[in-house]
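Below, each chain spelled out in residue letters.
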Amino acid sequence: MILVWLILIPFVGGLLCWQADLWGDRAPRWIALATMLFVLVISVVLWITGDFALPGESSRHWLLEWRAPWIPRFGIEIHLAMDGLSLILVALTGFLGALAVLCSWHEIDHRVGFFHLNLLFILGGVVGVFLALDLFLFFLFWEMMLVPMYFLIALWGHSGSAGQTRIRAATRFFIYTQASGLLMLVSIIALVFVHYSNTGELSFSYDTLLGTDIPDALAPWLMLGFFIAFAVKLPVVPFHGWLPDAHAQAPTAGSVDLAGILLKTAAYGILRFALPLFPEESQAFAPVAMTLGLVGIIYGAVLACGQQDIKRLIAYTSISHMGFVLIALYSGSELAIQGAIILMVAHAFSSAGLFILSGQLYERIHTRDMRIMGGLWGRIPVIPGFTLCFVAASLGMPATANFVGEFMVLFGTFPSAPVVVVIASVGLVLAAIYSLLLMQRVHHGPEYRHGALAGPDAREYGMMLVLLVLTLVVGLYPQPLLDITLPIAGPAAELFQEAATELAHRAGEVN
Amino acid sequence: MLTLVNLVALLPLVVVGTTAVVVMLGVAWQRHHGITAWLSAAGLVLALACLPVASTALSSPPLMTMDGLAIMGSVLVLLCALVTVALSHHYLTGYIGPREEFYLLLLCAVTGALGLVASNHLATLFISLELLSMPLYGMLAYSFRAERSLEAGIKYLILSAAATAFLLFGMALIYARTGRLDLAGLVAGLATSPDVWSLAGAVLMLVGLGFKLSIVPFHLWTPDVYQGGPAPATIFLATVSKLAVFVLLLRLVMTAPAFDSDWLGTLVTVLALLTMLGGNLLALFQPNLKRLLGYSSIAHFGYLMVAIVVGGALAVETVGVYLITYLVTTLAAFGVVTQLSSPFSGEDAAGLHHYRGLFWRRPWLAAVMTVSFLSLAGIPLTAGFIGKFYVLALGVADSRWWLVGGIVAGSAIGLFYYLRVMVTLYLPEPGMRRMDATNDWGSRIGGLTLLVVAVLILILGIYPTPMIDWVAGLSTAAL
């Protein structure tokens, strides 16, 4: 039942915020903050009290599980379950949700209640995605979080250069994700009907559909349906068109949520659904996916170097980082998959940090254009120092979480795909270039204007400090994360190996 | 022969017909808008109450059948008509001319729709269809002082007459081939492989019905008529009329073998694809909300035609579920338009600029609009998603990948204009206000009905099981 509450709390909180608008601007903020902290506390308590021993031989190991019939006509259930991976991501959602509320404390000054309603609905939907184990329910949450995100960008976003661009960015975001989501829905339905014609049982349950015997002609298409939906959200390069605009136009809280959590739902989806449901097809698809990942790493990094808008730059670095995650997920190595999970967490911290910092800069100098920044190091206390730390994290400096993640990804992938790893390493060099470019253009060089600007207040200082401490803690002692994710990464990698031998076996038979 | 037992099955039809007569006499005796509206609503409720009795009737009346499909159609027709009456009352309050005749026309049209969903014979089919269409001309041209309304009425009259001619010719061809007019007789007469004449007849009938359903390429009248007609008349046209005709089309396709040929199947597939893509594309940059909803309804019937292509038990269930979700959604969307245009004063509030910033002055009305547009777009947790899920499942289960691709592409295109309308509601208000709902809209019967419909969209989206069970029960009874 606690899983249901994890999802419901943000929704209830959101409605409260909307109504609390009547009592002034502060009430919704405090309610939203309390709600997200509540989610965070619940997940941390679950983490501490949970038992993450390796699963027994008998069955899959869920830390918590809850199911109830919903639409029996199609065998659809409300089936929620939590394991280590979901727990980490739910905790991350709670944490970044609280940060998103905090960082919009002064930025959002109109329609505060409605803003927090949307913000909390997004987070509720994301928690739902991480917990849903019924494919119908998963799709439902997957689509549902788009609507409030759309409003967040369209109504509170920054107008770009030409008039209505925030609405266009929001629309593009919505159409990309919704259309690709429909492909996934078609794949889900097709999978269910294949299972139905095999066994005569209509079910959308994850456990039931695992290991469905899909006709060879159909299976690659179904896998592609899932992959495209996740590839749009991750984003993988040919499907990334929505991301830079959405990030650039979104309010800070929207960017933090997008980069910190929404992108992670895609990686989670690949790991939880696309790989286990179609192991053989994924194995056969791995070279393509890895190539796409490589293209993403290089493309994102190169484009990041050429950006003038600070938020677009960070957005392109996300594409680059997610390329590493994609490579790791399709490498079939336990170490790499664990690395991908750590990299996801690390990227959530570092990109959230950078987005919050650029939001704080925007509040002070009212621009995101790096051409008219310059020399801020001498004008603002503390903030440039924090920027340097997060930039260092973003380029994968040892002692930060990003280093651990990238190192594990590359190390784990090397045995199976050495060429990919060699090329991906180029991305690390490019990462150093764009990170230092960011630092150089914004904080060093000649001062564009003179005069001191206000330093961070306690709220801003606190947010940065917590993020930085977490980045360092995970970077220096990642073992708790590794312990909790081992039961997921292990079987996923095993499944992949089995599929590989199966494919090799079949190829042998044909020859 | 019509016996007393048969009359029991016809009870809803009889009740609505009687109500129409009573209303007419009442108006002739003394005009009173409120009482007329209440009387009409009471008649419709009574007809609804009679339906359970009618469904237990042992024998069907001649020329008609009261099977599951007919029951389902009747319930939906009556409910939609009830909502229309509730919304009309407030709308017509400010109308200068005679107001009471609107209900009279509406009740006549409902009688026709009830006959249409139950008709089992080409003669009843034709008479009911005309009984449904004729009053609609009057309803659409009701505010005849407004140029557009008159235009809408006349346009619908002429094109509808042309469509009727096609329909009649098709029937004549089929009659010439088989010598029978009842559907069972047609089945027997066409048991052998269909020849050119019966195929031609089937296609002509399809054209005739396609006009009423505004299937591309027979959709040209739709935007003008939707825009011009007074909002309640447009609601009736978009819900009751389309629903009844579609149920009839489904019945024809399910029983008559002439519709079962491969060639015709391909034709219907192509029409369905054209309709779902055409409707969505035409709506893309439409600044007029009523026209936009007209195009959107074209697209939705394109999705629904997947059921006509596929056929079978699941198709009937899909039609039922999709129609219900489409109806509640359309009622809510047009309901908001009606509220903003009430009480009647000249043209309806159809331009998108009237809706700019609606959320900040009428939050609940804007919320209803948002929910209904989310449902039109098929976003989860609204009724529209369940409908879309059913259609997709039907297409996938039958491996109609072209149609599935069409639905996905159509929905993606559709999002663009649905989002455009939705975000307009939340943009900052413009300085000037032109049209607005009256302040007491929420406490009036029309406003309350609208809120109930909106809540229904959410309930059906979150917990659709009762609806699915009901429809599934009726559709298995239909076969």
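All figures in this text were calculated on a predicted structure; none of them were measured in a lab.

1. What to know about the overall build of chain A
In step 1: Looking only at helices and strands, one finds 19 helices and two strands in chain A.
In step 2: For 511 residues, the compact-globule estimate of 2.2 N^0.38 gives 24 Å, and the C-alpha radius of gyration of chain A, at 22 Å, lies within 12% of that figure.
In step 3: Projected onto its principal axes, the C-alpha positions of chain A cover 75 × 55 × 45 Å.
In step 4: For chain A, the residues scored as buried account for 60% of the 511 residues in total.
In step 5: Taking the intrachain contacts of chain A between residues at least 6 apart in sequence as the baseline, contacts between residues at least 24 apart amount to 81%.

2. Some remarks on the overall build of chain B
In step 1: A count of helical and extended segments in chain B gives 20 helices and zero strands.
In step 2: Taking 479 residues into account, the globule formula puts the C-alpha radius of gyration at 23 Å, and chain B, at 21 Å, falls close to it.
In step 3: The dimensions of chain B, computed from C-alpha atoms along their principal axes, are 70 × 55 × 40 Å.
In step 4: Looking at the 479 residues of chain B, the share that counts as buried comes to 62%.
In step 5: By sequence separation, contacts in chain B at least 24 residues apart represent 81% of the contacts at least 6 residues apart.

3. Describing helix α3 (residues 33-55) of chain B
All names here are of chain B.
In step 1: Across its 23 residues, α3 extends 33 Å between first and last C-alpha, which sits within 8% of the 33 Å expected from 1.5 Å per residue.
In step 2: For α3, the full list of buried residues reads T36, A37, L39, S40, G43, L44, A47, C50, A54 and S55.
In step 3: Buried positions along α3 lie against α1 (4-9), α2 (11-29), α4 (68-92) and α5 (101-118).

4. Topic: the confidence of the model for chain B
Caution applies to low-pLDDT parts of the model: their predicted coordinates are not meant to be read in detail.
In step 1: Per-residue pLDDT for chain B averages 89, and the proportion of residues at 70 or more is 95%.
In step 2: Overall fold confidence for the complex sits at a pTM of 0.92, while the interface term, ipTM, reaches 0.90.

5. Details of the pairing of strand β2 (residues 76-82) of chain A
In step 1: A large share of β2(A) lies buried, amounting to six of its seven residues.
In step 2: What sits between the antiparallel neighbours strand β1 (residues 64-71) of chain A and β2(A) is a turn of four residues, in which A:G75 has the positive phi angle 65 degrees.

6. Some details on the environment of A:I167
In step 1: In this fold, A:I167 is placed in helix α7 (residues 165-199).
In step 2: Distance in space between the C-alpha atoms of A:I167 and A:H116 is 19 Å, their sequence separation being 51 residues.
In step 3: In contact with A:I167, not counting residues within four places along its chain, are A:A154 and B:V423.

7. Some words on the interface of chain A and chain B
In step 1: Each partner contributes to the interface: chain A provides 24 residues, whereas chain B provides 21 residues.
In step 2: Elements that contribute at least two residues to the side of chain A that touches chain B include exactly α5 (135-144), α6 (146-156) and α7 of chain A.
In step 3: Here the side of chain A that touches chain B gets 13 residues from one element, more than from any other, and that element is α7(A).
In step 4: In the side of chain A that touches chain B, the residues fall into 20 nonpolar, two polar and two charged.

8. Concerning the packing of helix α15 (residues 383-394) of chain A against helix α17 (residues 418-443) of chain A
Residue and element names in this part refer to chain A.
In step 1: Two numbers describe how α15 lies on α17: the axes approach to 9 Å, and their chain directions differ by 170 degrees. One element, α15, and the other, α17, form an angle in the roughly antiparallel class. Together, P384, T387, L388, V391 and S394 of α15 and A431, S435, L438, M439 and H443 of α17 make up the contact between the two elements.
In step 2: Across the contact of α15 with α17, the residue classes tally to six nonpolar, four polar and no charged.

9. Overview of unusual backbone geometry
In step 1: Cis geometry marks the peptide bond from A:L234 to A:P235; its omega dihedral reads -5 degrees.
In step 2: Tracing the sequence through the fold places A:P235 in the loop between α9 (219-233) and α10 (243-249).
In step 3: Here the amide bond leading from B:V216 into B:P217 is cis, since omega sits at 10 degrees, within 30 degrees of zero.
In step 4: Summarising the element assignment, B:P217 is placed in the loop between α9 (196-213) and α10 (222-228).
In step 5: The phi torsion at A:H366 lies on the positive side, around 55 degrees, for a residue other than glycine.
In step 6: Taking the number of C-beta atoms within 10 Å as the measure of exposure, A:H366 has 7 and is therefore exposed.

10. Points about the packing of helix α13 (residues 310-329) of chain A against helix α16 (residues 401-413) of chain A
The relative placement of two packed helices is expressed as an angle between their axes plus a distance between the axes.
All names here are of chain A.
In step 1: Where α13 contacts α16, the axes come no closer than 10 Å and their chain directions differ by 35 degrees. Of the two possible hands of crossing, α13 and α16 adopt the one that is left-handed. Residues F324, I327 and A328 of α13 lie in contact with α16, whose contacting residues are E406, V409, G412 and T413.
In step 2: Classifying every residue of the contact of α13 with α16 gives four nonpolar, two polar and one charged.

11. Considering the pairing of β1(A)
Regular strands show a simple pattern: their side chains alternate between the two faces of the sheet.
In step 1: The pairing of β1(A) with β2(A) spans seven bridges and is antiparallel. Bridge assignment links A:W66 to a residue of β2(A), and that residue is A:L80.

12. Thoughts on the nonpolar core
Note that soluble globular proteins tend to have their nonpolar side chains buried in a common cluster.
In step 1: Core analysis: the biggest nonpolar cluster contains 394 residues, and A:V345 and B:V77 have the highest contact counts within it.
In step 2: Apart from the residues lying within four places of it in its own chain, the contact partners of B:V77 are B:V110, B:A113, B:L114, B:V117, B:V240, B:L243 and B:A244.

13. Considering the environment of A:A250
All names here are of chain A.
In step 1: Examined against the element boundaries, A250 turns out to sit in the loop between α10 and α11 (252-277).
In step 2: Take A250: there are 28 C-beta atoms within 10 Å of it, and that puts it in the buried class.
In step 3: Considered as a pair, A250 and G157 are 93 residues apart in the sequence and their alpha carbons are 4.4 Å apart.
In step 4: Those residues in contact with A250 that lie beyond four places of it in its chain are L152, I153, G157, S255 and L258.

14. Remarks on the environment of A:L224
Residue and element names in this part refer to chain A.
In step 1: In this structure, L224 sits in helix α9.
In step 2: On the basis of neighbour counts, which here come to 18 C-beta atoms within 10 Å, the residue L224 falls in the partly exposed class.
In step 3: Spatially, the C-alpha atoms of L224 and L388 are 40 Å apart, while their sequence positions differ by 164 residues.

Rules used throughout
Residues numbered from 1 in each chain as written. Chains lettered and ligands numbered in written order. Predicted model: local features only at pLDDT ≥ 70, side-chain atom pairs only at ≥ 80, totals over all residues. Helix = DSSP H or I, 4+ residues; strand = E, 2+ residues; numbered from the N terminus. Rg over C-alpha atoms; globule rule 2.2 N^0.38 Å. Buried ≥ 20, exposed ≤ 12 C-beta atoms within 10 Å, placed from the backbone. Contact = placed C-beta atoms within 7 Å. Expected span 1.5 Å × (residues − 1). pLDDT = per-residue confidence, 0-100. Pairing = 2+ DSSP bridges. Nonpolar A, V, L, I, M, F, W, Y, C, P; charged D, E, K, R; others polar. Axes fitted to C-alpha atoms, helices over the stretch in contact; angles between N-to-C directions. Parallel < 35°, antiparallel > 145°, perpendicular 65-115°, else oblique. Left-handed = near helix turned anticlockwise from the far one by under 90°. Core = buried A, V, L, I, M, F, W, Y, C linked by C-beta atoms within 7 Å.

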